[in-house]
Amino acid sequence: MGFDGYLTLSTPDYKKLSYHYQGLLRDQLGTTHHDLYRAICVDQFDDYETTKLAKTALMLSDYLGTLSNKEIEKHYKVYFGTVKRVAEQISW
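Thresholds applied
Residues numbered from 1 in each chain as written. Predicted model: local features only at pLDDT ≥ 70, side-chain atom pairs only at ≥ 80, totals over all residues. Heavy atoms only, no water. Helix = DSSP H or I, 4+ residues; strand = E, 2+ residues; numbered from the N terminus. Expected span 1.5 Å × (residues − 1). Bend = angle between axes of the 7 residues up to and from the residue. Buried < 20%, exposed > 50% of the residue type's maximum accessible area, 1.4 Å probe, protein only. Contact = heavy atoms within 4.5 Å.

Let us now look at helix α1 (residues 11-29). Taking 1.5 Å as the rise per residue, α1 with 19 residues should run 27 Å; its terminal C-alpha atoms sit 26 Å apart, in good agreement. Bending of α1 peaks at approximately 55° at the position of leucine 17. Taken as a whole, α1 has its buried residues at Asp13, Leu17, Ser18, Tyr21, Gln22, Gly23 and Leu25. Tucked into the core, α1 has its buried residues touching α2 (31-40), α3 (48-64) and α4 (69-76). Phi turns positive, to about 90°, at glycine 30, one or two residues after α1.

Here we take up the environment of arginine 38. Topologically, arginine 38 is positioned in helix α2. For arginine 38, a relative accessible area of 42% corresponds to the partly exposed category. Each C-alpha atom, one on arginine 38 and one on arginine 26, is 9.7 Å from the other, the two residues being twelve residues apart in sequence.

Encoded structure:
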């Protein structure tokens, strides 16, 4: 079973938050690893699907971290049930 639990990302959010999510991902990975990630994904780095994956990775990192359920819902504009479903899919 592959991962098919992408989070939603509206077009206005994509246009507004793409660089925000990529910046947060760079902070999480560190510059060296982020530069490698960017080099590997050079043609798709800022595209819609990659931005959704970045949002998913960041949300799961926050889920495992210190943010409360309500903070995650507010920050990522998702219901907590979605967060749990995505986390369950990743765990497989």
